[in-house]
Amino acid sequence: MRLRNKPWADDFLRENDHIVVQEPFAHKNEWQTLFPKEQPLHLEIGSGKGQFIAGMGKQHPDINFVGIERVKSVIVGAVKKVIDADTVNVRMVNEKAEDLRELFGENEVDHLYLNFSDPWPKTRHEKRRLTYHTFLEQYQSILKPDGSITMKTDNKKLFEYSLISFSQFGMRLEEVELDLHQLDDPLNVPTEYEEKFAEKGQPIYRCRISFKD
Ligand code: SAH
């Protein structure tokens, strides 16, 4: 059972302000100032318990990472993993990504990750899917013209929907894998959900798309 409103979570997130960005909206266009070095900025939406972003931070010291996770009791786990990873290039934000243009300036982000996003299977919830065209508009605005998006999911329906959505938006498919774990990509950092589904033998889908003409 997920514990809701862990009473100590607020304190924990405040105390770890070297990792948890306290006033994220105040950093629009200034995210680089939160890091020791100015280097490419990668953003993950829905970081969950943080295995991916903590692992990526360690694997890529030459990249600055920001992870957004809306659920307080979940982001706490991510912050702990980032602390354990002992990296200086990962920052976490406890917000619901609604309009990313309020958080990031135009062309401020180099790469975006959508890992095992909520599938919202009902048609009436289509607008909530993170690959709905209103989100793609936001991504296009905050990403550099040569930036790209990596999506991983176990959900075939969400993957199919997203490929159509990207295509209708005029995006370019740069890479696609229909069974990522058959590939054995040595650089792949698995997320918590990914490990769970892969252990059950489910294929993991991955694609990279860009806004390039
Ligand atoms: N990426 C993790 C978790 C996947 S579950 C993994 O692969 O293991 C999806 C996560 O996204 C949940 O933790 C949920 O709270 C978060 N989330 C969904 N929509 C969000 C939004 N709009 N802004 C921030 N977090 C969001």
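Refer to the preceding data block for the structure.
The sections below set out a description of the structure shown in this document. (Residues numbered from 1 in each chain as written. Predicted model: local features only at pLDDT ≥ 70, side-chain atom pairs only at ≥ 80, totals over all residues. Heavy atoms only, no water.)

1. Let's talk about the packing of aromatic side chains
For the structure on display, the rule yields eight aromatic pairs. Taking 5.0 Å as the distance between ring centres and 65° as the angle between the ring planes, the aromatic pair formed by Phe52 and Tyr113 counts as edge-to-face. On the criterion of sequence distance, the pair formed by Phe52 in helix 2 (residues 51–59) and Tyr113 in strand 4 (residues 109–115) is long-range, its members being 61 residues apart. For the pair formed by Phe52 and Tyr113, the shared burial category is buried. Residues Tyr193 and Phe197 carry aromatic rings whose centres are separated by 6.0 Å and whose planes lie at 65° to one another, so their mutual orientation is edge-to-face. Of this pair, Tyr193 and Phe197 are both found in helix 7 (residues 192–199), four residues apart, which corresponds to roughly one turn of the helix. (Phe/Tyr/Trp six-rings, centres within 6.5 Å; stacked < 30°, edge-to-face > 60°. Helix = DSSP H or I, 4+ residues; strand = E, 2+ residues; numbered from the N terminus. Buried < 20%, exposed > 50% of the residue type's maximum accessible area, 1.4 Å probe, protein only.)

2. Quick look at the environment of Asn107
Within the fold, Asn107 resides in the loop between strand 3 (90–93) and strand 4. Asn107 gets classed as partly exposed once you look at its relative accessible area, which sits at 37%.

3. Examining the pairing of strand 2 (residues 64–68)
In terms of residue burial, strand 2 counts as a mostly covered element, since five of its five residues are buried. Taking every second residue as pointing to the same face, both faces of strand 2 are buried, with Asn64, Val66 and Ile68 on one and Phe65 and Gly67 on the other. Summarising the sheet, strand 1 (residues 41–45) and strand 2 pair through five bridges and their orientation is parallel. Its bridge partner lying in strand 2, Ile45 is registered against Ile68. With helix 2 bridging strand 1 and the parallel strand 2, this β-α-β connection has right-handed handedness. Pairing of strand 2 with strand 3, which is carried by four bridges, proceeds in the parallel orientation. Looking at strand 3, one finds that Phe65 is bridged to Val90. The β-α-β motif built from strand 2, the intervening helix 3 (residues 72–85) and the parallel element strand 3 has right-handed crossover chirality. (Pairing = 2+ DSSP bridges. Right-handed = clockwise from strand over helix to strand, strands pointing away.)

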